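Residue strings, one per chain:
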Amino acid sequence: MMSFSAKKRSEYIQTLKSEHFDLVVIGGGITGAGIVLDAIFRGLKVALIEKRDFAFGTSSRSTKLIHGGLRYLKQLEFGIVHEVGRERAILYKNAPHIVIPEKMLLPIIKGGSLGRRSTSLGLFVYDKLAGVTKKERRFMLNKAKTLEVEPLLNTDILRGGGMYVEYRSDDARLTIEVMKTAVSNGALCINYVECTDFRLNDKNKINGIAVTDSITGEAFIVQTKKVINAAGPWVDNLRKIDLSLKGKRLHLTKGVHIVVPKNRIPIKHATYFDVPDGRMIFAIPRDNIVYLGTTDTNYKEDTNYPYADKTDVAYILAAANNMFPSVKLTEKDVVSTWAGLRPLIHEDGKSPSDLSRKDEIFISESNLISIAGGKLTGFRKMAQRSVDVVCAQLKKEEGKICRTCSTEFIELSGGNLEGKSIEDYARQLQTKNKNFDLKEITALVKKYGSNSNLILEISETKTNNDLLLAEAIYSMNEEMTNNIADFLIRRTGRVYFERNNLEEKIDKLHQFYTEQLCHDNETALRFKEDFYKEYEGVVQFKS
Ligand SMILES: Cc1cc2nc3c(=O)[nH]c(=O)nc-3n(C[C@H](O)[C@H](O)[C@H](O)COP(=O)(O)OP(=O)(O)OC[C@H]3O[C@@H](n4cnc5c(N)ncnc54)[C@H](O)[C@@H]3O)c2cc1C
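First, a word on what this report is: a plain description of the structure on this page. Treat the numbers as computed from the prediction; the structure is a model and nothing was measured. The residue count restarts for each chain, going from 1 along the sequence in the order it is written. pLDDT decides what is reported in this predicted model: residues at 70 or higher carry local features, side-chain atom pairs at 80 or more are listed and counted, and totals for whole chains, interfaces and linings draw on all residues regardless. Side-chain measures here rest on the full set of heavy atoms in the structure, leaving out hydrogens and waters.

## A short note on the overall build of the protein
Counting secondary structure elements, the protein contains 18 helices and 18 strands. Over its C-alpha trace the protein gives a radius of gyration of 23 Å, about what one expects of a compact globule, namely 24 Å for 543 residues. With respect to the principal axes defined by its C-alpha atoms, the protein has extents near 70 × 55 × 50 Å. The 543 residues of the protein split such that 60% are buried. Note on contacts: a residue pair is in contact if any heavy atoms of the two residues lie within 4.5 Å. For the protein, the proportion of contacts with a sequence separation of at least 24, taken over those separated by at least 6, is 71%. Neither His nor the chain termini are counted; the positive set is Lys and Arg, and the negative set is Asp and Glu. Lysine's charge is taken at NZ, arginine's at CZ, aspartate's at CG and glutamate's at CD. When the 80 basic and 70 acidic side-chain charges of the protein are each reduced to a single mean position, those positions are 6 Å apart. Where helices and strands are cited, they refer to DSSP runs of H or I of at least four residues and of E of at least two residues respectively, numbered from the N terminus. With C-alpha atoms as the basis for the radius of gyration, the globule rule is written as 2.2 Å multiplied by the number of residues raised to the power 0.38. To sort residues, take the accessible area from a 1.4 Å probe on protein chains only and compare it with the maximum for the residue type: under 20% means buried, over 50% means exposed, and anything in between is partly exposed.

Written out as structure tokens, the structure is:
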């Protein structure tokens, strides 16, 4: 069984340099993580590299819903609705700690995109296609009942509502749990290693990749039979290096979310509501905050650091104030923001919101297998399709027979809640850990599921009940966390959702990672600067 510790990074780099792999995956977002999980269970020798941290790209910046894709119904993409609906049920079974059913309210308004009948029919079709269980089927409400459910709604334009079930998740944590499961079954996954070029054999087919370790600066070659390019918004950069950027291309669109304290918009339910321009956005309560989004605009700037600007924020605030007029949100209420890039496939003449979210695989002459488009929700199927390509090629070329895809049946790391709800599992943990209250333990279970046990053990034996430090240790040893940005942004989401008293903890945590991982001054400074670059983008927005 492989470990996944930042302390053993140089050992992993050594393995990456010296072994010969069946498959190397470029990109440590949800797509790459899903592929590496699928491949290891098919019996392939597989490695994954990520140029920054796992989930650094779009996979930490989505709406964080594992959804059946109601909006695709409007675009008549029945196939997507059916597939992601089924995937949602599989994910809930395999990772119940991070895939949480959430009742969603769909207000029907005067002049809105859906009328009462079409909403009822739409949600009915959606439930059927997504195969939802009886208890989660939609129900319709009249105006009075809708206002009872959500008194903050705009009575002037409200006509009624529909209730259906979506699933809330944490994209970056889902990515890391998928990756941890792959690693514990033998895959090699390393962050801060960037692919810079490809190596070709005498038939001009890829048989290796050139990489740079961005922590040490060392450059080397990784030998592999097959390469999958799962680089999200950067897929075309690698296709360009491969000289295969012809025909279909990516079309990047930016989506922004804002975070507001719950007491400034005390909605009782997650809501999916109309914006006056004809689009729809979400308002999703999460502990003490509500996050709202998203936008959908063409994007051509720096792909590493997409941020919300004042126009994005004003758009979401205006939409919220239109639907919940008494809240009167202003810029001052926004505690943090994030912006993600959708790696969509370009279609001439289509606006950002009309572009299909379908995934597609491109295979170049040199045999670079690129996968683009798609959704967080559909990652398992995308992985299956990509690994099917690899297995078919290996069978043809060397008679190798892969096992069939089995990820449908694989419980993800942290997912063993023993059939209990998060709350009941937390209660059970608390009976054995009286040093922490139920709220603290529940918060832990929502992030780490059944692995919370290990963190509580560390806090008792190593950190004198300092739970944050215990989390930082666990994260370093079990989730390859190298620095404060990895920990505070992607492993725990604290920068977005738990800003209270965060600033006073930053220096202590930075010092912890620097000392534990023996970073030299230059590396420590770079990590700190990188953190503040991301942090400032999250807590400020440009004019
Ligand atoms: C605003 C927004 C909201 C969304 N909401 C939802 C939602 O609610 N539900 C849903 O199902 N989907 C949603 N999506 C879609 C979903 O988030 C994406 O489809 C998914 O995260 C894409 O994952 P990925 O792994 O393909 O790309 P990414 O997560 O971007 O991963 C690609 C990785 O490749 C790395 N990389 C790039 N180049 C190299 C290189 N040369 N060497 C090594 N590594 C490299 C990058 O650093 C990056 O980490 C949303 C998307 C956006 C933008």
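## A short note on the site of the ligand
The nearness test applies per residue and asks whether one of its heavy atoms lies within 4 Å of the molecule or strand. As a structural note, the neighbourhood of the ligand is formed by 38 residues, with Thr31, Glu50, Ser59, Leu65 and Thr377 the closest of them. Counting of polar contacts relies on pairs of N or O atoms within 3.5 Å, with two restrictions inside protein: one atom must be capable of donating a hydrogen and the other of accepting it, and residues adjacent in sequence are counted only when both atoms are side-chain atoms. Note that an oxygen atom of the ligand is positioned 3.2 Å from one of the backbone N or O atoms of Ile30. Within the backbone of Gly374, one N or O atom sits 3.2 Å away from an oxygen atom of the ligand. Protein chains shield 97% of the accessible area of the ligand, which is 1000 Å² for the free molecule. Side-chain classes are defined by residue name, with Ala, Val, Leu, Ile, Met, Phe, Trp, Tyr, Cys and Pro counting as nonpolar, Asp, Glu, Lys and Arg as charged, and the others, Gly among them, as polar. The class makeup of the residues in the shell around the ligand is 14 nonpolar, 17 polar and seven charged. Each accessible area is a Shrake-Rupley result for a 1.4 Å probe, and residues are judged covered by the shown protein chains and nothing else.

## Quick word on the pattern of salt bridges
The working definition used for a salt bridge is a side-chain nitrogen of Lys or Arg within 4 Å of a carboxyl oxygen of Asp or Glu. Applying the stated criterion to the full structure yields 40 salt bridges. The partner of Asp309 in a salt bridge is Lys254, and the shortest N-O contact between them spans 3.8 Å. With Asp309 in the loop between strand E15 (297-298) and helix H9 (310-323) and Lys254 in strand E11 (residues 250-261), this residue pair connects regions lying 55 residues apart in the sequence. You can call Lys254 buried: its relative accessible area is 5%. Members of the salt-bridge network, linked through shared partners, are Asp53, Asp486, Arg490, Arg491 and Glu534.

## Some words on the packing of helix H12 (residues 438-448) against helix H13 (residues 452-461)
For the pair H12 and H13, interaxial distance at closest approach is 9 Å and the crossing angle is 130°. Here H12 is positioned oblique relative to H13, judged by the angle of their axes. Here Ile441, Leu444, Val445 and Tyr448 of H12 come into contact with H13, specifically with Ser452, Ile455 and Leu456. Split into classes, the residues belonging to the contact of H12 with H13 amount to six nonpolar, one polar and no charged. A fitted line through C-alpha atoms represents every axis, and for helices the fit uses only the stretch in contact; the resulting angles, taken between N-to-C directions, go from 0 to 180 degrees. The scheme is simple: roughly parallel for angles under 35 degrees, roughly antiparallel for over 145, roughly perpendicular for 65 to 115, oblique for anything else.

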